[in-house]
Amino acid sequence: MERKVVFSGVQPSGGLTIGNYIGAIRNWVSLQDEYDCYYSIVDLHAITVPQVPKDLRKNTLEVLALYLACGLDPEKCTIFIQSHVSTHAELAWVLNTMSYMGQLSRMTQYKDKSQKLGESVNAGLFTYPVLMAADILLYQADYVPVGQDQKQHLELARDLTDRFNNRYSPTFKVPEPLIKKEEGKIMSLQDPNKKMSKSDENDNGFILILEKPDDIRRKIKRAVTDSIGEVRFSEEQPAIKNLMTIYSAFSGCSFEDIEKRYEGQGYKQFKEDLAEVVIEGLAPIQERFKEIMNNKEYLENVYKQGAEKAQYVSNKTLRKVYKKIGFVVK
Ligand code: TYM
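The residue numbering used here restarts from 1 in each chain and proceeds along that chain's sequence as written. Totals for whole chains, interfaces and linings use every residue, but because this is a predicted model, local features are given only for residues with pLDDT of at least 70 and side-chain atom pairs only at 80 or more, for both listing and counting. Just so you know, side-chain values use all the structure's heavy atoms and leave hydrogens and water out.

Participant: Explanation requested: the overall build of the protein chain in the structure shown.
Facilitator: For the protein chain, the helix and strand inventory stands at 13 helices and five strands. With the radius of gyration taken over C-alpha atoms, the globule rule is written as 2.2 Å times the number of residues to the power 0.38. At 21 Å, the protein chain has a C-alpha radius of gyration in line with the 20 Å of a compact globule built from 330 residues. Referenced to the eigenvectors of the C-alpha coordinate spread, the extents of the protein chain come out at roughly 70 × 45 × 45 Å. Only protein chains enter the accessibility calculation, which uses a 1.4 Å probe; a residue whose area is less than 20% of its type maximum is buried, one above 50% is exposed, and one in between is partly exposed. Across the 330 residues that make up the protein chain, the buried fraction comes to 50%. What makes two residues a contact is simply this: any of their non-hydrogen atoms within 4.5 Å. The long-range fraction of contacts in the protein chain, counting pairs at least 24 apart against all pairs at least 6 apart in sequence, stands at 75%. For the protein chain, the accessible area works out to roughly 16500 Å², and carbon and sulfur atoms hold 50% of it. None of His or the chain ends enter the tally, which takes Lys and Arg as positive and Asp and Glu as negative. Just so you know, the charge point we use is NZ for Lys, CZ for Arg, CG for Asp and CD for Glu. Side chains of the protein chain give 45 positive and 45 negative charges; the mean places of these two sets differ by 5 Å. For the purposes of this entry, the term helix denotes a DSSP run of H or I that reaches at least four residues, the term strand denotes a run of E that reaches at least two, and both are numbered from the N terminus. Shrake-Rupley sampling with a 1.4 Å probe provides the accessible areas, and residues are treated as covered by the protein chains on show and by no other component.

Participant: I tried to follow the nonpolar core on my own but got confused; where do I start?
Facilitator: Taken as a class, soluble globular proteins show a tendency for nonpolar side chains to be buried jointly. Residues belong to one nonpolar core when they are buried, are Ala, Val, Leu, Ile, Met, Phe, Trp, Tyr or Cys, and are joined through side-chain atoms within 4.5 Å. Within the largest apolar cluster, 62 residues are counted, with the highest numbers of intra-cluster contacts made by Tyr 39, Tyr 67, Ile 79, Ile 246 and Phe 250. Considering every element that reaches this core, the biggest residue donor is helix H12 (residues 268–293), with eleven residues. Two domains each donate at least three residues to this core, and these are domain 1 (5–179 + 296–325) and domain 2 (203–290). Leave out the neighbours within four places in its chain, and Phe 250 touches Ile 18, Tyr 21, Ile 22, Val 277, Val 278, Gly 281 and Leu 282. Listed in part, the 37 residues of the second largest apolar core include Met 98, Tyr 110, Ala 133 and Ala 141. The source of the domain bounds is an automatic or database domain assignment.

Participant: I tried to follow the environment of Gly 124 on my own but got confused; where do I start?
Facilitator: Assignment of secondary structure puts Gly 124 in helix H7 (residues 123–138). Given the relative accessible area of 26%, Gly 124 is considered partly exposed.

Participant: How should I be thinking about unusual backbone geometry in this particular structure?
Facilitator: Look at Gln 140: it is not a glycine, yet its phi comes out positive at around 55 degrees. If you trace the backbone, Gln 140 turns up in the loop between H7 and strand S4 (143–145). Residue class for Gln 140 comes out buried when judged on its relative accessible area of 17%.

Participant: I'm lost on the site of the ligand in this one. Help?
Facilitator: Being near a molecule or strand, for a residue, means having at least one of its heavy atoms within 4 Å of it. The full set close to the ligand counts 26 residues, and Gln 11, Tyr 128, Asp 135, Asp 149 and Ile 186 are the nearest of them. In the analysis that follows, any N or O atom pair within 3.5 Å is treated as a polar contact, provided that within protein one partner can donate a hydrogen and the other can accept it, and provided that, for residues neighboring in sequence, both atoms belong to side chains. Contacts to the ligand include Gly 147, whose backbone N or O atom sits 2.8 Å from an oxygen atom. Contact distances for the ligand include 3.0 Å between a nitrogen atom and a backbone N or O atom of Met 196. With the chains in place, 97% of the 700 Å² that the ligand exposes on its own is no longer accessible. Secondary-structure elements contributing two or more residues to the shell around the ligand are strand S1 (5–10), helix H1 (18–31) and H7. In this classification, the charged set is Asp, Glu, Lys and Arg, the nonpolar set is Ala, Val, Leu, Ile, Met, Phe, Trp, Tyr, Cys and Pro, and all remaining amino acids, among them Gly, are polar. Each residue belonging to the shell around the ligand can be placed in one class, and the counts come to eleven nonpolar, ten polar and five charged.

Participant: Would you mind going over empty space enclosed by the protein with me for this structure?
Facilitator: The definitions used throughout rest on a 1 Å grid laid over the protein atoms alone, on which a cavity is an enclosed set of points accommodating a 1.4 Å probe that cannot get out and a pocket is an open set flanked by protein within 12 Å on both sides along at least five of seven lines; lining residues are those having an atom within 4 Å of a point. Grid points are joined across faces, edges and corners, and a volume is the space filled by probe spheres set on the points. Counting across every chain of the model gives two cavities of 30 Å³ or more. If you add up the space inside the largest cavity, you get close to 60 Å³. If you trace the largest cavity, you find it lined by Met 107, Gln 109, Tyr 110, Lys 113, Leu 125, Tyr 128, Pro 129 and His 153. Elements supplying a minimum of two residues to the lining of the largest cavity: helix H6 (108–117) and H7. Class assignment for the residues of the lining of the largest cavity results in five nonpolar, two polar and one charged.

Pasting the structure below:
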């Protein structure tokens, strides 16, 4: 029986946060044994906002090393850099011609970013979700494990799939998002109504996967809490709910366990313990990251091998698409 296919990616636009880890990468690791997984470092996406070339190059390799340090195994899954595989930009062009301006202009992420940029917003930012659809459809992905913030983009990918399949004939599989309810949305430590993001101007709002223990302690100590004063998982306490989700993700404890452990206590002990749980959870990843970054040859082998496989597999889909839309076959 054919194995189901999984596709996902992260932008190499700066250090990754524990939101990226809990909401996405951690789940990818558990999928690689069962499915045929493709995980990309999506540098074509990253240039939709200005990047310093040397930083982009460094960040791309660092994200690759982080994938490996978090437990992705190149023997089990295909890991590649998006710009190494030419089909992504090619299919994105075709899908652009089938995407509606109206739908693209309703994408929340685009609206947020374009509001800040005004007239000078670039066209790449606008068509960004179309490139994302191309990423997914090229591999005929069944599942796309992402955080909650990508849900709307996934819906667009599903719409484009239907549109293409209906206009021509069945060509693409309809991808399904895999989003964890709480873990899919890790919030800022400074504002529980805002997603934790590496682009937050307040760096107390996020914790990086590579963050130093003392900084983790400081940031968690400063994290906002709620006024109720008890460690309980409820919608009335969004800040505590968020901290409990992080605690649970790193320790494996259920929310009930955590509530019991801190019953009758305020937030102080809980926050101190949370910092240690996060530090302990990240330590082995940070250790492996250092080792892997020292082995440039290994990194190069991984991305070259990954690109070769991804190019081969995605070419098959692109050739089918070109034929169906009426391009002359070479
Ligand atoms: P990016 O690079 O912003 O984020 C990478 C992944 O991390 C998840 N994530 C979070 N999950 C929980 N809580 C948070 N605070 C949090 N912040 C980020 C994101 O949902 C994502 O899964 N467009 C995508 C990259 C992409 C992609 C794709 C993903 C390009 N092509 C194809 C899946 C399939 C992005 O910008 O993710």
